[in-house]
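Given next are the chains, with one letter for each unit.
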Amino acid sequence: VQLQASGGGLVQAGGSLRLSCAASGRTFSSYAMGWFRQAPGKEREFVAAINRSGGSTYYRDSVKGRFTISRDNAKNTVYLQMNSLKPEDTAVYYCAAHGTYYSNNYYSEEYEYDYWGQGTQVTVSS
């Protein structure tokens, strides 16, 4: 599967952005999806994950209550709605896909993901 992330940009603190990740192929519903981010000088970190059906989600603590991950399997797209953005949310955001035909779990570790998008820059000014 090929992933194309979009929706990043420059926003003031307290603002909102919605990231999208469009997937190629006909089996998008067979993939658990996740969002990761990498800030300058830091390692890539997990942000949010959603299972195949979209019924279960998981977030890192620092974004709980502010970010929402969702998916539309009919559109082969996963979203990350980011509200109340903070300067520390500044990073390149990556979407990732974990192929699974039998599990309906979500995944939070980088090594669990098979495919990665190219990243989209999010910059939050103070």
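Above this text you will find the structure in question.
Since the model is a prediction, treat every value here as computed from it, not as a measurement.

S.K.: Which parts of the structure should I look at to understand the overall build of the protein?
M.R.: Looking only at helices and strands, one finds zero helices and 11 strands in the protein. Reading the helices (α) and strands (β) of the protein from amino to carboxyl end gives β-β-β-β-β-β-β-β-β-β-β. A globule of 126 residues ought to have a C-alpha radius of gyration of about 14 Å, and the protein, at 13 Å, matches this closely. Along the first, second and third principal axes, the C-alpha set of the protein runs to 45 × 25 × 25 Å.

S.K.: Looking at this structure, how should I read the packing of aromatic side chains?
M.R.: Taken as a whole and assessed by the stated rule, the structure comprises seven aromatic pairs. For the pair phenylalanine 36 and phenylalanine 46, a centre-to-centre distance of 5.7 Å together with 75 degrees between the ring planes defines the contact as edge-to-face. With a gap of 10 residues between them, phenylalanine 36 in strand β4 (residues 31-38) and phenylalanine 46 in strand β5 (residues 45-50) connect regions that are remote in the sequence. Comparing phenylalanine 36 with phenylalanine 46 shows no difference in burial state: the two are buried. Look at tyrosine 58 and tyrosine 106: their rings are 5.3 Å apart centre to centre, the planes differ by 5 degrees, and that puts the pair in the stacked class. On the criterion of sequence distance, the pair formed by tyrosine 58 in strand β6 (residues 57-59) and tyrosine 106 in the loop between β9 (91-99) and β10 (115-116) is long-range, its members being 48 residues apart. Look at tyrosine 106 and you get partly exposed, because its relative accessible area is 35%.

S.K.: Where do I start with the pairing of β9 in this structure?
M.R.: Consecutive side chains along a regular strand alternate between the two faces of the sheet. Where burial is concerned, most of β9 is hidden: seven out of the nine residues are buried. Two elements, β4 and β9, share eight bridges in a ladder whose sense is antiparallel. Note that in β9 the partner of methionine 33 across the bridge is alanine 97. In terms of strand pairing, β9 meets strand β11 (residues 120-125) through three bridges, oriented antiparallel. Counterpart to tyrosine 93 in the pairing with β11 is threonine 120. With two bridges connecting them, β9 and β10 associate as antiparallel partners. By the bridge assignment for β10, alanine 96 is matched with tryptophan 116.

S.K.: I would appreciate a short explanation of the nonpolar core in the present structure.
M.R.: Core analysis: the largest hydrophobic core is formed by 29 residues, its most contacted members being Met33, Trp35, Leu80, Met82 and Tyr93. Setting aside its immediate chain neighbours within four residues, methionine 82 contacts Gly15, Ser16, Leu17, Leu19, Arg66, Phe67, Tyr93 and Val122. If you look at the next biggest cluster of nonpolar residues, it comprises seven residues, including Phe36, Phe46, Ala49 and Ala96.

S.K.: Just to check I follow, could you spell out the sheet that holds strand β7 (residues 67-72) for this structure?
M.R.: One key point about sheets: their strands pair by backbone hydrogen bonds, in either a parallel or an antiparallel sense. The four strands lie next to each other as β1-β3-β8-β7, forming an open sheet whose pairing is antiparallel. Strands at the two margins of the open sheet, each flanked by one partner only, are β1 (3-6) and β7. Across the sheet, the mean angle from the axis of one strand to that of its neighbour is 15 degrees, orientation sign disregarded. Pairing of strand β3 (residues 17-23) with strand β8 (residues 77-82) involves six bridges; the strand directions are antiparallel. The residue bridging leucine 17 from the neighbouring strand is methionine 82, located in β8.

S.K.: Is there a simple way to explain the side chain of threonine 120 in this structure?
M.R.: Relative to the assigned elements, threonine 120 resides in strand β11. Here glycine 8 takes part through its backbone nitrogen, which lies 3.1 Å from a polar atom of the side chain of threonine 120. Excluding its chain neighbours within four sequence positions, the residues that come into contact with threonine 120 are Ala5, Ser6, Gly7, Gly8, Leu19, Ala91, Val92 and Tyr93.

Conventions and cut-offs
Residues numbered from 1 in each chain as written. Predicted model: local features only at pLDDT ≥ 70, side-chain atom pairs only at ≥ 80, totals over all residues. Heavy atoms only, no water. Helix = DSSP H or I, 4+ residues; strand = E, 2+ residues; numbered from the N terminus. Rg over C-alpha atoms; globule rule 2.2 N^0.38 Å. Phe/Tyr/Trp six-rings, centres within 6.5 Å; stacked < 30°, edge-to-face > 60°. Buried < 20%, exposed > 50% of the residue type's maximum accessible area, 1.4 Å probe, protein only. Pairing = 2+ DSSP bridges. Core = buried A, V, L, I, M, F, W, Y, C linked by side-chain atoms within 4.5 Å. Contact = heavy atoms within 4.5 Å. Axes fitted to C-alpha atoms, helices over the stretch in contact; angles between N-to-C directions. Polar contact = N/O pair within 3.5 Å; in protein donor to acceptor, adjacent residues only side chain to side chain.

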